[in-house]
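Breakdown of the fold
If you want the building blocks of each chain, they are given just below.
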Amino acid sequence: MNDSGQPNSADDLDPAVRAAGGWGRLRQGVIYRDGVSGGRPAVPTAFPELERRAARVLSPKAYAYVAGSAGLEATADANRRALDRHRIVPRMLRDVSARDTSVELFGRRLTSPLLLAPIGVLELAHPEADVAVARAAAAEGVPYILSTQASRSMEQCAAAMGDAPRWFQLYWSRSDELVASFLARAEAAGCEALVVTLDTTVLGWRARDLDLGSLPFSQGQGIAQYTSDPVFLRLAAERAGQPRSGPKPKVTAAAVRSLFSIARTHPGPMLRNLRSPLPRAAVETFLDVFSRQDLTWGDLARLRTMTRLPILLKGLQHPDDARRALDAGVDGVIVSNHGGRQVDGATGALDALPGVVEAVGGRAPVLFDSGVRGGADVFKALALGARAVCVGRPYFYGLALAGADGVRQVIQNLRAELDLTMALTGCASLADITPDLLAAS
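These numbers were taken from a predicted model, which means no experiment stands behind them. (Residues numbered from 1 in each chain as written. Predicted model: local features only at pLDDT ≥ 70, side-chain atom pairs only at ≥ 80, totals over all residues. Heavy atoms only, no water.)

Considerations on the overall build of the protein chain
Regarding its fold elements, the protein chain presents 19 helices and 12 strands. Its C-alpha radius of gyration of 22 Å places the protein chain within 12% of the 22 Å reference for a compact globule of 441 residues. Principal axes of the C-alpha set define a box for the protein chain whose edges measure 75 × 55 × 40 Å. When the 441 residues of the protein chain are sorted by exposure, 54% land in the buried category. By sequence separation, contacts in the protein chain at least 24 residues apart represent 74% of the contacts at least 6 residues apart. Counting every atom, the protein chain has about 18,600 Å² of accessible surface; 55% of that belongs to carbon and sulfur. (Helix = DSSP H or I, 4+ residues; strand = E, 2+ residues; numbered from the N terminus. Rg over C-alpha atoms; globule rule 2.2 N^0.38 Å. Buried < 20%, exposed > 50% of the residue type's maximum accessible area, 1.4 Å probe, protein only. Contact = heavy atoms within 4.5 Å. Areas by Shrake-Rupley, 256 points an atom, 1.4 Å probe, with all protein chains shown as cover.)

Topic: the pairing of strand S6 (residues 166-170)
For S6, the buried fraction is high: 5 of the 5 residues fall into the buried class. With burial as the criterion, each face of S6 is covered, one bearing Arg166, Phe168 and Leu170 and the other bearing Trp167 and Gln169. In this structure, strand S5 (residues 144-146) lies alongside S6, joined through 3 bridges in parallel fashion. Considered in S6, the bridge of Ile145 is made with Trp167. Taken together, S5, helix H7 (residues 154-161) and S6 constitute a β-α-β crossover, and its handedness is right-handed. Both S6 and strand S7 (residues 194-197) contribute to a ladder of 3 bridges, which runs parallel. Paired with Gln169 across the two strands is Val195, which belongs to S7. Read as a crossover between parallel neighbours, the route from S6 over helix H8 (residues 176-188) to S7 is right-handed. (Pairing = 2+ DSSP bridges. Right-handed = clockwise from strand over helix to strand, strands pointing away.)

Quick notes on the packing of H8 against helix H15 (residues 299-306)
Their axes nearest at 10 Å, the elements H8 and H15 cross at an angle of 45°. Viewed along their axes, H8 and H15 adopt a mutual orientation that is oblique. By crossing handedness, the relation of H8 to H15 is classed as right-handed. Where H8 abuts H15, its residues Asp176, Val179, Ala180, Leu183 and Glu187 lie against Arg302, Leu303 and Met306. Residue composition of the contact of H8 with H15, grouped by class: 5 nonpolar, no polar and 3 charged. (Axes fitted to C-alpha atoms, helices over the stretch in contact; angles between N-to-C directions. Parallel < 35°, antiparallel > 145°, perpendicular 65-115°, else oblique. Left-handed = near helix turned anticlockwise from the far one by under 90°. Nonpolar A, V, L, I, M, F, W, Y, C, P; charged D, E, K, R; others polar.)

Regarding the environment of Ser336
The residue Ser336 is located in the loop between strand S9 (332-335) and helix H17 (349-360) in this model. Each C-alpha atom of the pair Ser336 and Leu198 lies 9.9 Å from the other, and the pair is 138 residues apart in sequence. Beyond its immediate chain neighbours, meaning those up to four positions away, Ser336 contacts Asp199, Lys314, Gly315, Leu316, Gln317, Asp369 and Ser370.

A word on empty space enclosed by the protein
Under the criterion given, the structure shown has 2 cavities of 30 Å³ or more. By volume, the largest cavity amounts to about 440 Å³. Taken together, 28 residues form the lining of the largest cavity, with Pro118, Ile119, Lys314, His338 and Arg341 sitting closest to its centre. Elements represented by at least two residues in the lining of the largest cavity include exactly helix H4 (60-67) and strand S11 (388-391). Looking at the lining of the largest cavity, its residues break down into 12 nonpolar, 10 polar and 6 charged. Counted as a void, the second largest cavity has a volume near 30 Å³. Around the second largest cavity sit Gly220, Ile223, Thr227, Ile262, Thr265, His266, Pro279, Ala282 and Val283, which together line it. Elements that contribute at least two residues to the lining of the second largest cavity include exactly helix H12 (253-265) and helix H14 (278-289). The dominant element in the lining of the second largest cavity, judged by the number of residues it contributes, is H14, at 3 residues. Class assignment of the residues belonging to the lining of the second largest cavity gives a composition of 5 nonpolar, 4 polar and no charged. (1 Å grid on protein atoms, 1.4 Å probe; cavity = no way out; pocket = protein on both sides within 12 Å on 5 of 7 lines; lining within 4 Å. Points joined across faces, edges and corners; volume = space filled by probe spheres on them.)

What follows is the structure in structure tokens.
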């Protein structure tokens, strides 16, 4: 047990978990015991209040970046409606005195079916950014999918995680040399799988960011994987050595703030960066090489030669794409619409899940992402065939409210609700969570 009364890792075999009657009851007990002395959770246990509280501490631009979705945000609404259409049908008089939430993914036995989805620009939420999330994930035994658009390098996160599970998410750059460098670094940093995000060859029409004129990357934020990479730094140096072209930016207070942001986030002393052309060249180089629009299924064979890691494709929603992915030799798929952030008016992610699961036919793990706000949502995705579930915005908000401990509390609350939902629906293991426990409303 740690100082907060939680087990040292999210492990069902922990004696404290068994003695409490399950992880959900243990988490409830911690909160209620603190309540006797007037304590309240630093991180709200239900998503609506979690989001409201986080909105108060985040800057308007930070909140717009994480909360916003594409266009009229109809896809984000569709994600929620898809989850709400499926109603849980509890079953009674089943022995659930011992519950097992563990799952195996790519040779590692995990104590829960939760993963932390890749989220970029975490410095918008907290100064420790990705490193705080890495520490929280390691403490809870939950795999953390490190983002390409991180605010801290993968090496810094790996140092904070020890031998805890971590994956790496790749936005496929226009520079194959840079991609190869990222993959070599990910392997050296102990990443156990590669998640290739396919649905962001360009940024979606994100009205909240557009109305604020806010793109964090243009401020030098969220590009730490790049500015810590030798290949990228060479490309940026080559650009910095070229004569500048195009119109000069207007000298305004906002422009000066942007200059200081770029200098502050670039590696090295800030004063030196203010005098150097390299930090601004790094931002411009990133904007040029961020992603490719000409990727095809044929490129996957080349990717396979670049890494020994299991490859998952993230962003699949059509059964035919899932079939092609397996035919191309990938090791898993993640059903996702990027939390509604890319295509407005798209189908809800949970609506796409059953078709993809059927197309895959058990040949590879299918993971789920988009719209998950609580443990009951995780239960529904598992019932429809997901092997595991990725969580995004909730942990961003926990990070904003309480740093690494806030992320831990979000993970603990999700797992507690999932465990209690299993107990109350007659499920002693994840294998018991089957489609017949859901009804369409």
